[in-house]
Amino acid sequence: LTADSYPYVKRDPNYKQLEDSDIAHFTEILGDSKLVIQEDLDFYNEDYMHKYMGQSKLVLKPKTTQQVSEIIKYCNEKKLAIVPQGGNTGLVGGSVPVFDEIVLSLSSLNKIRSFDEVSGILKADAGLILENADNFLAEKGYIFPLDLGAKGSCHVGGTIATNAGGLRLLRYGSLHGSVLGLETVLVDGTIVDSLHSLRKDNTGYDMKQVFIGSEGTLGVITGFSILCPPRPKAKNVAFLGLESYEAVQKTFIEAKGQLGEILSAFEFMDNKSQELVKTYNKLDHPLEEPYPFYVLIESSGSNKDHDDEKLEQFLEDVMEKEIVSDGIVAQDETQLANLWSWRELIPEASQHKGGVYKYDVSLPLKDLYDLIPAVEEKLKAANLVGETDEFPVIASVGYGHIGDGNVHLNVAVRRYTKEIEKAIEPFVYEWVQQHHGSVSAEHGLGFQKKNYIGYTKSENEIKLIKQLKNLYDPNGILNPYKYI
Ligand code: FAD
Ligand code: S2G
Ligand code: ZN
């Protein structure tokens, strides 16, 4: 989708058009023309799903917080619109320009600032890549309290800006709990250093919380302080086959009851999502028989023998009770990674034949999977689903984080068409609203869901959010056309 195909959005004439004098000023602030990029901007203009394409003519890559401050202050005074950008792996079109907004990339602001080996508190620049943060912590015997399939590219700052949930929220909780402090730059250039190292601090409003999940609309996150847990010494992964979504829920209850404190992930996948991965990675599936549903369970603890025994007992029990039909336990690191890949590759596999319509929703666990057949039916009724190229839709698949009540519906397509969008939206949002869910569990609102917050938030909540946005960004230069 490029700007002229956005029927409901027009470029706001109040935003200044970029001029040479602006670029000269930015070059002076950055002191290095390599940090001022005007060529080959497709990577920065296009989102991960190749669904949104902006037309920015300028990418700035500040290396210090001070440079971020001077850039933003200038842009605010001149009314030049900006998109703060991390690893550009966001999935709602929030990280790319809609029109010609300047891209403020944090990729050059990526240093580790300090690590306290006793408390496990890490302080670093926002542009630190998630995997680099976790690798650094691994050498110290600690783990980053967040993991997601984009870890090799996404920035920690970006995960905080989107309040990403990920594969281990069940064990380590949300970033609202693990982030202890932020360094942020406001539109007037003010640098707010609240990089505290305190687990408890009840002195006044907890201001960092408004930036967590603000998606670049309130200020730019330039640094973070986060509490990291000790790295588990023992990790196990079991991959199970089940006959029904009912059985998935029963297995979840048993896993919580029998694995308790060592349970670190509980992911479910439907059969069609595994079919997509099989076509994509051309490998045999870990389980011989096909099952309607699969569950990946990860345990993480401090004593391998203790954990092995607990997991074995749990598996025997759920098989005996015929809740689970089949299952294997990873025998080594390689097999553990391989089993995870059958869950982590679903996003890529969903879009590799053309594109994907993604819906990341929270629902009451009992209704969680019903959304998928409901959407599939709508698409079939519109005669859009089929095996051959004449049909744009390949399959609707469901998978996600059972422990968080969060399902990912991915409609894998051969091409994006208006008919598909009309069949799915606003049907999917109305369905989620009727079932008292959230239309965005963890990916945020961005550009894709800008008009749908009302399906989850009340008018008064939206009013408060708008008041906050006007207070922090009165000229609306931060990530315009998105969020609400
Ligand atoms: P970007 O995509 O660059 O930006 C995302 C948003 O944050 C934009 O609105 C941007 O303006 C803003 N932003 C970025 N950096 C800053 C900053 N420093 N200050 C202020 N605003 C900023 N998400 C989940 O929650 N759970 C998952 O399990 C998950 N799995 C994923 C798997 C794959 C394969 C992929 C591609 C994505 C996945 N995601 C998941 C999406 C996830 O939200 C993003 O990958 C990540 O959180 C965004 O980080 P980023 O650095 O790429 O930010
Ligand atoms: C996940 C990200 C990708 C997707 O895999 O858990 O959050 O397909 C998702 O939505
Ligand atoms: Zn997810």
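Residues numbered from 1 in each chain as written. Chains lettered and ligands numbered in written order. Predicted model: local features only at pLDDT ≥ 70, side-chain atom pairs only at ≥ 80, totals over all residues. Heavy atoms only, no water.

**Re the nonpolar core**
Operational definition: By convention a nonpolar core is built from buried Ala, Val, Leu, Ile, Met, Phe, Trp, Tyr and Cys residues, the set being connected through side-chain atoms within 4.5 Å. Here the term buried applies to any residue with accessible area under 20% of the maximum for its type, exposed to any over 50%, and partly exposed to those in between, with areas from a 1.4 Å probe on protein chains only. Segments assigned H or I by DSSP are reported as helices when at least four residues long, segments assigned E as strands when at least two residues long, and all are numbered from the N terminus. Domain start and end points were adopted from an automatic or database domain assignment.
In this structure, V248, F268, I297, L371, L379, V411 and I424 are the most contacted members of the largest nonpolar core, which totals 52 residues. For this core, the element with the most residues is helix α9 (residues 245-259), which contributes six residues. Taken domain by domain, the makeup of this core includes at least three residues from each of domain 3 (234-346) and domain 4 (353-443). With 33 residues, the next largest nonpolar core counts I72, I102, V187 and I477 among its residues.

**A few points about the coordination of the zinc ion (ligand 3)**
Put simply, the rule reads: Distances decide who is a donor: an N, O or S atom must be within 2.8 Å of the metal, or within 3.2 Å for Na, K and Ca. Water is not included, so sites may look incomplete.
For the zinc ion (ligand 3), the full set of protein donor atoms is H401 (NE2), H408 (NE2) and E442 (OE), and the range of their distances to it is 1.9 to 2.2 Å. Counting gaps between the donor residues of the zinc ion (ligand 3) yields the pattern H-x6-H-x33-E. Residue H401 is located in strand β15 (residues 393-401), and its partner E442 is located in the loop between α16 (427-434) and α17 (459-472); the two are separated by 41 residues in the primary sequence.

**A few points about the pairing of strand β8 (residues 191-194)**
Successive residues of a regular strand alternate their side chains across the two faces of the sheet. Let me state the cut-off plainly: By definition, two strands form a pair when at least two bridges between them are found by DSSP.
Bridge count for strand β7 (residues 179-185) against β8 is four bridges, and the pairing is antiparallel. Bridging across to β8, E183 finds its partner in D193. Between β7 and β8, which pair antiparallel in sequence order, lie five residues; one of them, G189, sits at a positive phi of approximately 95°.

**Digging into the site of ligand 1**
This is how it is decided: Each residue is tested against the molecule or strand, and it is near if at least one of its non-hydrogen atoms lies within 4 Å. Here a polar contact is recorded for every N or O atom pair within 3.5 Å, except that within protein the pair must consist of a potential hydrogen donor and a potential acceptor, and residues adjacent in sequence are included only if both atoms are side-chain atoms. Surface exposure here means Shrake-Rupley accessible area, sampled with a 1.4 Å probe, where a residue is shielded only by the protein chains that are shown. Classes in brief: Ala, Val, Leu, Ile, Met, Phe, Trp, Tyr, Cys and Pro nonpolar; Asp, Glu, Lys and Arg charged; the others, Gly included, polar.
Neighbouring ligand 1 are 34 residues; P84, G86, G87, T89 and G90 lie closest to it. Within the contact set of ligand 1, a nitrogen atom lies 2.9 Å away from a backbone nitrogen or oxygen of I221. In isolation ligand 1 exposes 970 Å². Once the protein is present, 97% of that is buried. Elements with a contribution of two residues or more to the shell around ligand 1: β3 (82-85), α5 (156-161) and β9 (220-227). At three residues, the largest contribution of residues to the shell around ligand 1 is made by α5. Counted by class, the shell around ligand 1 contains twelve nonpolar, 20 polar and two charged residues.

**As for the site of ligand 2**
Every residue near ligand 2 is listed here: L91, R343, P347, K358, Y399, H401, H408, N410, E442 and H443. Note that an oxygen atom of ligand 2 is positioned 2.3 Å from one of the side-chain N or O atoms of Y399. A distance of 2.8 Å is found between an oxygen atom of ligand 2 and a side-chain nitrogen or oxygen belonging to E442. Relative to its free-state accessible area of 290 Å², ligand 2 is covered by the protein chains to the extent of 85%. Counting residues per element, the ones that place at least two in the shell around ligand 2 are β15 and β16 (406-413).

**Examining helix α3 (residues 65-78)**
Test applied: The length a helix should cover is 1.5 Å for every residue beyond the first.
An ideal rise of 1.5 Å per residue puts 20 Å on 14 residues; α3 measures up with 20 Å between its terminal C-alpha atoms. When we look at burial in α3, the residues that qualify are T65, Q67, V68, S69, I71, I72, Y74, C75 and N76. In the stretch just after α3, K79 is the one whose phi turns positive, near 60°.

**Some words on the confidence of the model for the chain**
The cut-off we apply is this: As a per-residue measure, pLDDT reflects the predictor's confidence and takes values from 0 up to 100.
Mean pLDDT over the chain stands at 96; residues scoring 70 or higher make up 99%. Model confidence for the complex is summarised by a pTM of 0.95, with the ipTM given as 0.99.

**Some details on the packing of aromatic side chains**
Selection criterion: Think of it this way: a Phe, Tyr or Trp ring, Trp meaning its six-membered ring, pairs with another when their centres are within 6.5 Å, and the plane angle makes it stacked under 30 degrees, edge-to-face over 60, tilted otherwise.
Inspection of the entire model under this criterion finds 22 aromatic pairs. Look at F211 and Y472: their rings are 5.7 Å apart centre to centre, the planes differ by 85°, and that puts the pair in the edge-to-face class. Remark: Y472 occurs in helix α17 and F211 occurs in helix α8 (residues 208-211); sequence separation between them is 261 residues. Judged on exposure class, the residue F211 and its partner Y472 are both buried.

**A short note on the environment of Y481**
For clarity, the threshold we go by: Throughout, a residue-residue contact means that at least one pair of heavy atoms, one from each residue, lies within 4.5 Å.
Considering the arrangement of structural elements, one finds Y481 in the segment after α17. Residue class for Y481 comes out buried when judged on its relative accessible area of 13%. On a C-alpha basis, the gap between Y481 and L122 in space is 34 Å, while along the polypeptide they are 359 residues apart. Every residue in contact with Y481, bar those within four places of it in the chain, is listed here: V9, K10, R11, D12, Y15, V98, F99, E101, F447 and K450. Among the polar contacts made by the side chain of Y481, one reaches the main-chain amide nitrogen of D12 at a distance of 3.0 Å.

**Focus on the pattern of salt bridges**
What counts here: When a carboxyl oxygen of Asp or Glu lies within 4 Å of a side-chain nitrogen of Lys or Arg, that pair is called a salt bridge.
Summed over all chains, the structure comprises 25 salt bridges. Here R11 and D100 are joined by a salt bridge, their closest N and O atoms 2.8 Å apart. Residue R11 is found in the segment before α1 (20-30), and its partner D100 is found in the loop between β3 and β4 (102-105); the two are separated by 89 residues along the sequence. The class for R11 is partly exposed, based on a relative accessible area of 23%. Among the ionic pairs, E344 bridges to K151, the shortest N-O distance being 3.4 Å. In this pair, E344 is assigned in helix α12 (residues 333-344) and K151 in the loop between α4 (130-139) and α5, connecting sequence segments 193 residues apart. K151 sits in the partly exposed class, given a relative accessible area of 22%. Each member of the salt-bridge network shares a partner with another, and the members are D147, K151, R168, E298 and E344.

**What to know about the side chain of S396**
Along the chain, the position of S396 falls in strand β15. For S396, a relative accessible area of 0% puts it in the buried group. Side-chain polar atoms of S396 contact the side chain of E376, separated by 2.7 Å. When near neighbours in sequence (up to four residues on either side) are disregarded, S396 contacts D270, K272, I372, V375, E376, L379, L409, N410 and V411.

**A short note on the environment of P364**
Assignment of secondary structure puts P364 in the loop between β14 (355-362) and α14 (371-381). Expressed as a C-alpha distance, the spacing of P364 and L128, which sit 236 residues apart in the sequence, is 35 Å. The residues touching P364, leaving out its near neighbours within four places in the chain, are H435 and H436.

**Re the sheet that holds β15**
Threshold: All axes here are fitted lines through C-alpha atoms, helices being fitted over the stretch that makes contact, and every angle between N-to-C directions spans 0 to 180 degrees.
Overall, antiparallel pairing links the seven strands, which are arranged β13-β10-β12-β11-β15-β16-β14 in an open sheet. A strand with exactly one partner marks an edge of an open sheet, and here the two such strands are β13 (326-329) and β14. Recorded for the sheet is a direction-independent mean angle of 15° between the axes of neighbouring strands. Alignment of β14 against β16, held across eight bridges, turns out to be antiparallel. Bridge pairing in β16 links Y359 to L409.

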